[in-house]
Amino acid sequence: MKSAVLTGEHFINGDVACAEGALASGCRFFAGYPITPATEIAETMSERMPQVGGIYIQMEDEMASMNAILGASSAGVKSMTATSGPGFSLMMENFGLGLMMEIPCVLVNIQRGGPSTGLPTIVGQQDMMQARWGSHGDYEVIALSPYSPQEMFDFTIKAFNLSEKYRLPVLVMADEVVGHMTEKVIIPDENEIKLVKRKKPKGPAEKYWMYKADADLVPAMASAGEGYKVIATGLTHDERGYPAMNAEAQEKLIKRLCDKILLNKEDIVEVMEYETGDAEVIVLAYGSPARSAMSAVKMARKEKIKAGLFRLITVWPFCEEQVFSLSKKARVIIVPEINNGQIVREVERAIKGKAKVISLPRLARIHTPQDILNVIREVEK
Amino acid sequence: MKQSEVHPMDKLIRSDRMPHIWCSGCGLGTNFSCFLAALDSSGLDLDLCVIVSGIGCAGRASGYTNIDSYHTTHGRAIPFATGLKLANPKLVVTVFSGDGDLFAIGGNHFIHAARRNIDINIICINNFNYGMTGGQFGSTTPLKAKTTTSPYGNFEHPFNLAHVASASGAVYVARWTSLHVRRLVTSIEEALLKKGFTFIEIISPCPTNYGRRNQLGDGLQEMRYYKEHSVIRHGIDPKDAGLSFNGEIIVGKFVDIDKPTFLDNQPNLSKVEHKP
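All values derive from a computational prediction rather than experimental measurement.

Definitions and limits used
Residues numbered from 1 in each chain as written. Chains lettered and ligands numbered in written order. Predicted model: local features only at pLDDT ≥ 70, side-chain atom pairs only at ≥ 80, totals over all residues. Helix = DSSP H or I, 4+ residues; strand = E, 2+ residues; numbered from the N terminus. Rg over C-alpha atoms; globule rule 2.2 N^0.38 Å. Buried ≥ 20, exposed ≤ 12 C-beta atoms within 10 Å, placed from the backbone. Contact = placed C-beta atoms within 7 Å. Nonpolar A, V, L, I, M, F, W, Y, C, P; charged D, E, K, R; others polar. Pairing = 2+ DSSP bridges. Expected span 1.5 Å × (residues − 1). Arc of directions from axis to C-beta. Core = buried A, V, L, I, M, F, W, Y, C linked by C-beta atoms within 7 Å. Domains from an automatic or database assignment. Right-handed = clockwise from strand over helix to strand, strands pointing away. Axes fitted to C-alpha atoms, helices over the stretch in contact; angles between N-to-C directions.

(A) Structural view of the overall build of chain A. Check the secondary structure of chain A and you find 13 helices and 16 strands. For 381 residues, the compact-globule estimate of 2.2 N^0.38 gives 21 Å, and chain A sits close to it at 21 Å. Dimensions of chain A, computed from C-alpha atoms along their principal axes, come out at roughly 70 × 50 × 40 Å. The buried share of chain A, reckoned over its 381 residues, is 55%. Sequence separation of at least 24 residues holds for 77% of the intrachain contacts in chain A that already meet a minimum separation of 6.

Given below as structure tokens:
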């Protein structure tokens with residue numbers, strides 16, 4: 001049997017790195033539907049899963065793909081699906097089921113331009129708000145934003161770990177540039193990869209309640225076939241998992257589903273800061289535009305402009321406290337995104353008017369460093 | 001509890017969930033009992049048996065069953081069940097749901113799971129309408145039947161579910177009515193023990209909605225109708241087993257074949273080398 005962890009240096013694209021990251025996380029079930037620019041993830045999985053004793057299944061659509069991974073994870077197997085905009089829309093229905101049933105798994109979105117069929121092979125970051133609000137109802141999500149093939153590997157592992165720890169589907173919100181970019185990816189030794197496993201019930205099966213949370217607000221999860229007589233439903237339910245059609249049950253459940261993320265933000269949220277210490281102009285970016293932003297900041301520093309980069313690694317939950325604290329030094333926050341301005345709204349909300357926020361939207365193309373540098377120079381005048 | 005107060009199926013029911021939501025005269029209680037009886041008599045390890053359902057009246061059965069149970073989204077029980085089965089092949093996975101759930105919103109999932117021969121069992125309660133939402137017509141409603149959204153009589157051709165199942169690749173196809181309890185129990189038991197994608201359709205009364213709007217009488221009268229109009233035709237080609245508004249109801253075991261499942265056909269690449 002071929003190793004699941006291909007330790008060593010590789011020259012691979014972000015999609016392939018993502019698939020390898022999943023395998024290194026112990027993912028042994030992949031269900032998907034072909035869609036550009038996420039296809040290479042499915043192709044890699046179809047080749048690799050049989051090598052490691054896992055299952056690759058090509059479903060009839062993305063609704064089925066999302067449901068199949070929820071089913072597989074319910075049987076105790078780490079599972080993943082990958083898609084792009086149109087498929088992401090279809091997955092939203094059962095992303096909600098995963099949030100409601102609290103089933104760990106990973107959903108990767110290699111974003112392209114939309115709406116509708118949009119731009120199948122051209123970059124976009126237009127699904128960032130859909131990631132947050134795309135399924136109906138109130139909830140909190142975890143979404144990561146990689147900006148290199150190496151991070152496609154690393155963050156897929158991180159996504160699995162967060163999903164197992166907090167019992168929910170976790171989103172990897174990559175974009176086409178990162179998915180199709182080929183770079184050096186270092187896959188570490190298997191024993192250097194830290195994996196988190198979901199909390200399992202300890203007491204007798206008769207006393208097990210599927211949704212009775214511990215102090216960390218996360219309930220232990222029994223798998224099908226373990227004798228715990230699991231009862232799970234997409235209906236609002238009580239701690240036993242029994243449907244409960246009333247306001248008290250709804251408030252209690254939704255509050256816990258949100259709080260298990262919000263009260264653990266310190267553990268979940270990760271950002272990367274470069275030269276922000278004394279920065280008066282900060283570029284706040286995520287995904288592929290953050291690469292251009294990094295170059296722009298370095299160029300600005302050479303021109304003695306006090307510029308810095310604040311990169312969102314975790315986009316959701318949004319790190320509003322950290323963003324607000326940027327306003328202590330920075331006069332201006334520039335937000336380049338490959339959309340019409342989505343996360344910039346969160347930045348404006350977080351900054352509470354204490355700094356000027358400039359949206360730098362682009363559609364269907366990545367900002368060049370010069371694009372961003374020009375704005376930095378402009379605000380520096 | 002006194003012995004006389006213990007129902008023989010109590011061990012298989014979450015009795016603290018009772019009373020159930022089903023209307024009086026509905027066939028679901030009987031159909032559900034048949035499923036439980038078959039589970040009981042199958043000799044299967046109940047810890048490995050899983051019930052999955054979608055949305056609708058029939059979908060509530062999962063939450064009443066005292067085994068691992070998953071009540072999923074509308075139409076999506078089959079892909080969820082597919083994930084469960086492929087992730088742990090030891091599980092015996094049964095989807096218990098309604099005709100609207102499995103064949104309208106979930107129709108695509110049904111035909112593809114059958115095509116792949118995923119080793120799961122589908123029990124479809126066909127009451128010819130969407131009961132839970134108040135009785136609208138669906139993909140199984142016979143021509144001319146009245147429902148809340150076909151006030152002039154249904155003018156859409158219905159599916160012949162047994163034919164759909166057979167044509168899609170199911171290895172076991174049977175149809176019974178809620179009246180045929182012993183034959184139904186035998187069929188469900190056969191399906192539970194059979195390898196591959198099995199399909200059992202249960203024609204079931206919905207006196208509250210479908211029955212009332214079509215002057216079929218109460219649940220008991222619908223059962224009488226089944227008694228008078230059912231014809232057992234084992235082995236008949238399912239394409240000839242279509243149903244009509246007031247015609248005969250062909251029941252029986254139509255298909256019972258063997259072929260490799262999705263898991264049987266998995267590649268064994270234990271020696272393949274891979275270079276990314």
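(B) Representation of the overall build of chain B. A tally of helices and strands in chain B yields nine helices and eight strands. In terms of overall size, chain B behaves like a compact globule, its C-alpha atoms giving a radius of gyration of 19 Å where 276 residues would be expected to give roughly 19 Å. The principal-axis extents of the C-alpha atoms in chain B amount to approximately 65 × 50 × 35 Å. The contacts in chain B between residues at least 6 apart in sequence include a share of 67% that link residues at least 24 apart.

(C) Quick peek at the interface of chain B and chain A. Chain B puts 36 residues into the contact, and the matching count from chain A is 46 residues. Breaking the side of chain B that touches chain A down by element, the ones donating at least two residues are β2 (68–71), α3 (77–87) and α5 (107–116) of chain B. Element by element, the count of residues in the side of chain B that touches chain A is highest for α3(B), at eight residues. Looking at the side of chain B that touches chain A residue by residue, the classes come out as 15 nonpolar, 15 polar and six charged. Here strand β10 (residues 231–233) of chain A runs beside β2(B); their pairing, made up of three bridges, is parallel. Bridge pairing in β2(B) places I231(A) opposite S69(B).

(D) Inspection of helix α8 (residues 247–262) of chain A at higher detail. Residue and element names in this part refer to chain A. The end-to-end C-alpha distance of α8 is 22 Å, a good match for the 22 Å that 16 residues give at a rise of 1.5 Å each. Within the sequence span of α8, burial applies to L257, K260 and I261. Mapping the buried residues of α8 onto a view down its axis gives an arc of 110 degrees, with all of them on the same face. Relative to its buried face, α8 has exposed residues pointing more than 90 degrees away, namely A247, E248 and E251. Looking at the buried positions of α8, the neighbouring elements they touch are α4 (85–101), α6 (149–166) and α9 (265–268).

(E) View of the nonpolar core. Within the largest apolar cluster, 204 residues are counted, with the highest numbers of intra-cluster contacts made by V108(A), I142(A), V283(A), I333(A) and L84(B). Counting contributing residues, this core receives three or more from each of domain 1 (8–192) and domain 2 (274–380) of chain A. Residues within four places of I142(A) in sequence aside, it is in contact with L162(A), Y166(A), L168(A), V170(A), L171(A), I261(A), I268(A), T314(A), W316(A) and P317(A).

(F) Just unusual backbone geometry, in detail. Residue and element names in this part refer to chain A. For the peptide bond that leads from T36 to P37, omega is 5 degrees, which places it in the cis range. Relative to the assigned elements, P37 resides in the loop between β2 (29–32) and α2 (39–48). Positive phi values are uncommon outside glycine, yet S116 reaches one of about 55 degrees. Tracing the backbone through its elements, the reader meets S116 in the loop between β5 (105–113) and β6 (119–123). Judged by the 8 C-beta atoms lying within 10 Å of it, S116 falls in the exposed class. For K352, which is not glycine, the phi torsion reads 50 degrees and is therefore positive. Mapped onto the elements of the fold, K352 is located in the loop between α12 (343–351) and β16 (356–361). Judged by local crowding, K352 falls into the exposed class, with 11 C-beta atoms found within 10 Å.

(G) Just the pairing of strand β8 (residues 169–175) of chain A, in detail. All names here are of chain A. In terms of residue burial, β8 counts as a mostly covered element, since seven of its seven residues are buried. Burial along β8 is two-sided: the residues P169, L171, M173 and D175 and V170, V172 and A174 are all buried. Sheet analysis places β5 next to β8, joined by seven bridges and oriented parallel. Each residue of the ladder has a partner; that of C105, found in β8, is P169. Sheet analysis places strand β7 (residues 143–144) next to β8, joined by two bridges and oriented parallel. Each residue of the ladder has a partner; that of L144, found in β8, is V172. Handedness of the β7-α6-β8 crossover: right-handed.

(H) The arrangement of the sheet that holds strand β15 (residues 332–337) of chain A in detail. Residue and element names in this part refer to chain A. Read across the sheet, five strands follow the order β11-β13-β12-β15-β16 without closing on themselves; strand pairing throughout is mixed. Two strands bound the open sheet, and with one partner strand each, they are β11 (271–274) and β16. Taken over all neighbouring pairs, the strand axes of this sheet differ in orientation by 20 degrees on average, direction set aside. Pairing between β11 and strand β13 (residues 307–312): four bridges, direction antiparallel. Note on β13: the bridge partner recorded for Y274 is L309. In the packing of helix α10 (residues 289–302) onto the sheet, contacts are made with β11, β12 (281–285), β13 and β15, and the angle to β13 comes to roughly 165 degrees. Running over the sheet, helix α13 (residues 369–380) touches β12, β13, β15 and β16 and is turned about 160 degrees from β15.

(I) Structural context of the domain arrangement of chain A. Residues and elements named next belong to chain A. When cut into domains, chain A gives domain 1 (8–192) and domain 2 (274–380). Broken down by secondary-structure element, the contributors of at least two residues to the side of domain 1 that touches domain 2 are β6, α5 (128–133), β7, β8 and α7 (176–180). Here the side of domain 1 that touches domain 2 takes four residues from α5, the largest share from any one element. Of the residues in the side of domain 1 that touches domain 2, the class split is 15 nonpolar, five polar and three charged.

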